[in-house]
Amino acid sequence: MPKARTKYVCQHCGHQESRWLGRCPACDTWNSLVEERGIPVSGGARPPASVEPLECLPADQPARSSGQAELDRVLGGGVYPGAVVLVGGDPGVGKSTLLLQLACCLGTDQPVLYVAGEESPGQVGARAKRLGAAKGQVAVLPDAEVGGLEAAAASLNPALIVLDSIQTAHLADLPSAPGSVIQVRESAARLVRLAKQTGTAVFIVGHVTKEGSLAGPRVIEHMVDTVLYFEGERYDSYRILRAVKNRFGATNEIGVFRMTAGGLSEVPNASEVFLAERPAGVTGSCVAACLEGSRPLLVEVQALVAPTSFGMPRRMATGYDYNRACLILAVLERRVGLGLGAQDVYLKVVGGLRVEDPACDLAVAVSVASSLRERPVDHRTVVLGEVGLAGEVRASGRVEDRLREAAKLGFTTAVVPATACGHGKLKFEGLKVIGVHDVGKAIEAALEG
């Protein structure tokens, strides 16, 4: 009989060691390695697995609508049969509300199993009544034991299973406590196998750490089909659902929601929301045409330049990468001649959105120059383009879609890379397109427009 092996597993990141260590060598967390007994490995022969020719495999069934176009966009078209989706976010951001609304929508014509590992059935029922969604074929299971979940799924044959949350799921035959690495990993593996064998879509709620990443072993993110992050400020009613992995659609897709007393409502035109309170005639404000997944989005970039009171100037960036902001400031000082060495610079993307599109570089540069020179950018001007270290403005993808969104919202001037103009092919009614080769020319065109 094979002997059971003993290993020490980090409860923070899932790293394994053959002996106990005071600090995990992978994540540097102290006293996080816990002894776990591995399952004996048998050396006997196993029956061969069944194989099928690729051309004989059936095509996947079409996705079902979630009832909200914003969620369908992030999921890649809707809820696919057999898909496993991991949803993470800060406490209180609205993960349970979003999935309860999804369960009640799909439960209008098919059974749905809602596994409440963190709440009592009464709490789930009270939330459903408050949302006005207490209807349909939604069954609530108050125990997150995976064996009982599988038995309930076999009798109910649901189209959707919602588990809230994976940190409460556990297997009765494992000695570890719920939330430990081995419990989370094995529970997730069982749920993935259940989804693939039965064609049931599974949505899993995951906790996040103080660093903003999903808690538990990273192997879970590789096992599931889709990983979503639900973001939002504590005192803001708007929420952003972001896809960072998706086997059914584009990554970095976002959906915008608004939290109300009746639950989460979708925001179909996010650009209008982010620009709704933009002041006119104020220095340091510029509109950028960025791209989030397949959606063109117009956001306001604000900059504040003030003389520093210390020997070392201060730089801060909210919603924009700090290192990239420092790079743009260096280009402005060396290539354009802006004196920023004795100035504090503060950058912010308004609306709680975090942008990673390089096409926002030029808007950052223009907003900094506007604040430093005390010259406002016309509120009907939109800017896009990537900034290089030589001060050149490089082309960005899907410029036509970005400018079409700007023209739809009433913008009259667009400052874009000259290489993207396509010899005058970028023509939109009511929108003047100005092509520039370097940052200096872009700043002059934006401040004069």
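Keep in mind that what you see is a predicted model, and the values were worked out from it rather than measured.

1. So, the pattern of salt bridges
Inference 1: In this structure the tally under the stated criterion is 17 salt bridges.
Inference 2: Between R295 and E70 there is a salt bridge, with its nearest N and O atoms 2.6 Å apart. With R295 in strand 14 (residues 295-307) and E70 in helix 1 (residues 69-75), this residue pair connects regions lying 225 residues apart in the sequence. A single burial state applies to R295 and to E70, both of which are buried.
Inference 3: When salt bridges with common partners are traced through the structure, they connect K196, D225 and R247 into a single cluster.

2. Quick notes on helix 5 (residues 181-198)
Count 3.6 residues to each turn of an α-helix, and residues three or four apart come out pointing the same way.
Inference 1: Look at helix 5: 26 Å from first C-alpha to last across 18 residues, which is about the 26 Å you get at 1.5 Å a residue.
Inference 2: Of all the residues in helix 5, the buried ones are V181, I182, Q183, V184, R185, S187, A188, L191, V192, L194 and A195.
Inference 3: One or two positions beyond helix 5, positive phi appears at G199, with a value near 75 degrees.

3. Considering empty space enclosed by the protein
Over the atoms, a rolled probe matching the size of one water molecule traces out where space is still vacant.
Inference 1: Under the criterion given, the structure shown has two cavities of 30 Å³ or more.
Inference 2: Each pocket or cavity is described by its volume, and for the second largest cavity that value is around 40 Å³.
Inference 3: If you trace the second largest cavity, you find it lined by L75, G78, V79, Y80, A83, V85, F203, T226 and F248.
Inference 4: Across the lining of the second largest cavity, the residue classes tally to seven nonpolar, two polar and no charged.

4. A look at the nonpolar core
Inference 1: V299, L332, L353 and V368 are the most contacted members of the largest nonpolar core, which has 47 residues in total.
Inference 2: Broken down by element, this core gets its largest block of residues, seven residues, from helix 9 (residues 361-373).
Inference 3: Beyond its immediate sequence surroundings of up to four residues, V368 is in contact with A303, V305, L329, L332, L340, V345 and L347.
Inference 4: If you look at the next biggest cluster of nonpolar residues, it comprises 32 residues, including L75, Y114, V162 and L264.

5. Some remarks on the sheet that holds strand 15 (residues 315-318)
Inference 1: Strand order across the open sheet formed by seven strands is 15-16-14-13-17-20-21, with mixed pairing between neighbours. Strands with a single pairing partner mark the edges of an open sheet, and in this sheet they are strand 15 and strand 21 (432-436). Within the sheet, the average angular offset between the axes of one strand and its neighbour, ignoring direction, is 25 degrees.
Inference 2: Contacting strand 15 and strand 16 (343-349), helix 8 (residues 322-336) runs over the sheet at an angle of about 125 degrees to strand 15.

6. A short note on the side chain of R295
Inference 1: Overall, the relative accessible area of 5% leaves R295 in the buried class.
Inference 2: Polar contacts involving the side chain of R295 include one to the side chain of E70, which spans 2.6 Å.
Inference 3: In contact with R295, other than residues within four places in its own chain, are E70, R73, E253, I254, V256, P268, A270 and C290.

7. Points about unusual backbone geometry
In most cases, non-glycine residues show a negative phi, while peptide bonds are predominantly trans.
Inference 1: Here D164 and S165 are connected by a cis peptide whose omega angle stands at 10 degrees.
Inference 2: Within the secondary structure, S165 is located in the loop between strand 7 (160-164) and helix 5.
Inference 3: Of note in the backbone geometry, E374 takes a positive phi value of approximately 60 degrees without being a glycine.
Inference 4: In this fold, E374 is placed in the loop between helix 9 and strand 17 (381-383).
Inference 5: Of note, the phi angle at R398 is positive, near 50 degrees, even though the residue is not glycine.

Cut-offs used in this document
- Residues numbered from 1 in each chain as written.
- Predicted model: local features only at pLDDT ≥ 70, side-chain atom pairs only at ≥ 80, totals over all residues.
- Heavy atoms only, no water.
- Salt bridge = Lys/Arg side-chain N within 4 Å of Asp/Glu carboxyl O.
- Helix = DSSP H or I, 4+ residues; strand = E, 2+ residues; numbered from the N terminus.
- Buried < 20%, exposed > 50% of the residue type's maximum accessible area, 1.4 Å probe, protein only.
- Expected span 1.5 Å × (residues − 1).
- 1 Å grid on protein atoms, 1.4 Å probe; cavity = no way out; pocket = protein on both sides within 12 Å on 5 of 7 lines; lining within 4 Å.
- Points joined across faces, edges and corners; volume = space filled by probe spheres on them.
- Nonpolar A, V, L, I, M, F, W, Y, C, P; charged D, E, K, R; others polar.
- Core = buried A, V, L, I, M, F, W, Y, C linked by side-chain atoms within 4.5 Å.
- Contact = heavy atoms within 4.5 Å.
- Pairing = 2+ DSSP bridges.
- Axes fitted to C-alpha atoms, helices over the stretch in contact; angles between N-to-C directions.
- Polar contact = N/O pair within 3.5 Å; in protein donor to acceptor, adjacent residues only side chain to side chain.

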